[in-house]
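A look at the structure
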Amino acid sequence: MQHRITANKPLLDKKGRLAEAGYATRLILDYDRSAIKAGNMRIKEWDYYFVTDGKIGVALTIADNSYMGLDSISYLDFTKPWQQTTSTMRIMPQGRTGFPSTSEAGNVEIYRKNYFLSFKNDGEKRTLSFKMDNFCKKDSIKGEITLQNPLNEDGKTADTMVIATPFPKRKKAFYYNQKINCMPASGYVELAGKKHEFDASESFGLLDWGRGVWTYRNTWYWGSASGLYEGESFGFNIGYGFGDNSAATENMLFYKGKAHKLSQVTFNIPQGEGGKEDYMKPWTFTSDDGRFEMDFVPVIDRAAETDFKLLCSRQHQVFGKFSGKAVLDGGTVIELKDFFGFAEKVFNKW
């Protein structure tokens, strides 16, 4: 059962609990940080962008986890393959990062001595500007990328994935999330004096817009891809693992700007010696209704691990190529071959 939220109203009730669990195709519930009744240290807000043309990828993060802020830039060369991620932490931002309450407009910017990140949104396009000294040893990175809001066949704003998820053991905990796929991307990234241009005819951006109150220990699975299928925009968002998704999952296909809702999708990560997950072996993805059946061949595992005992994060964001079938609501079968995207597993104690 997939419950769709259709009425615009505040995200939280007067007690600070999620007013309605389910999914939508636009940001229909109104987020207000001041309405949160949980402890301030549990509030987490972030904007994550990923842009790629299948050859080069750039990932940009600004996050405010209340007790810790995180600013991060990743450069990925899928032709080598090679990647570098450099992150900087900020102590006790506690909401002062200044995230907008909506993804539809507004800016968030971080300026520090050796780097800056700027995400500007005028309601029609998003401009991502960034620079970091000593990004990779002594080499600096900089860039500016413009993302156009995706449109449907009628020239109107395309559907997106929006999910409001409660946590069963914490009544005042919730996750409010929007994923915007298939944003045409243009601009450049320059690393160590070598410039790469993104062409909007073959480059696409993704936004992961997250606001919520999280429990301490979580594991999530997330996958995403955006591109062209027979000349038309196509993408998908899949994931699970945290909170109570009995009202709805975040699994969704996007074709020509229209959303097609999926039920349950399972990530099958292969195991290696000793029963440990081997992220660079081929994965498979299966669904309970047969509408998403994929093979996945990894190219890069952007792995990171931080362990401060009380605070711990183990991340495997694996980029690669999807091949298989996805079935639209009307029964049309999309047959993918080497469709570029990523899938990840992340464990956090935070």
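Preceding this section is the structure that the text describes.
The paragraphs below set out a description of the structure included in this document. A quick note: this is a predicted structure, and the numbers were derived from the prediction, not measured. (Residues numbered from 1 in each chain as written. Predicted model: local features only at pLDDT ≥ 70, side-chain atom pairs only at ≥ 80, totals over all residues. Heavy atoms only, no water.)

**Side note on the overall build of the protein chain**
This is how it is decided: Working definition: helices are DSSP H or I runs of at least four residues, strands are E runs of at least two. Numbering for both runs from the N terminus. Computation of the radius of gyration draws on C-alpha atoms alone. For the globule rule, the value is 2.2 Å times the number of residues to the power 0.38. Residue exposure (1.4 Å probe, protein chains only): buried if accessible area is under 20% of the type maximum, exposed if over 50%, otherwise partly exposed.
Scanning the protein chain from N- to C-terminus turns up zero helices and 24 strands. Its C-alpha atoms give the protein chain a radius of gyration of 19 Å, within 12% of the compact-globule value 20 Å for 350 residues. Overall, the protein chain is about 55 × 50 × 50 Å in size when its C-alpha atoms are taken along their principal axes. Considering the protein chain as a whole, with its 350 residues, one finds that 54% of them fall into the buried category.

**Some remarks on unusual backbone geometry**
Across the junction of Lys80 and Pro81, the peptide omega takes the value -5°, indicating a cis bond. Tracing the backbone shows Pro81 in the loop between β6 (68–77) and β7 (82–91). Despite not being glycine, Met92 has its phi angle at roughly 50°, a positive value. Checked against the element boundaries, Met92 lands in the loop between β7 and β8 (108–111). The phi angle at Glu230 is positive, at roughly 50°, despite the residue not being glycine. Of note, Glu230 is situated in the loop between β16 (217–229) and β17 (232–240).

**Focus: the side chain of Asn181**
Just so we agree on the cut-off: Distance and chemistry together define a polar contact, namely a pair of N or O atoms within 3.5 Å, with one atom able to donate a hydrogen and the other to accept it when in protein, and with adjacent residues in sequence counting only for side-chain atoms on both sides. Here, two residues are considered to be in contact whenever any of their heavy atoms come within 4.5 Å of each other.
Note on placement: Asn181 falls in strand β13 (residues 170–191). By relative accessible area, Asn181 is classed as buried at 4%. A distance of 3.1 Å separates a polar atom in the side chain of Asn181 from a polar atom in the side chain of Ser224. Within the structure, Asn181 has its side chain in polar contact with the backbone oxygen of Ala225 (distance 3.2 Å). Dropping the residues within four chain positions of it, Asn181 is found in contact with Pro150, Gly205, Leu206, Ser224, Ala225, Ser226, Phe236, Asn237 and Phe254.

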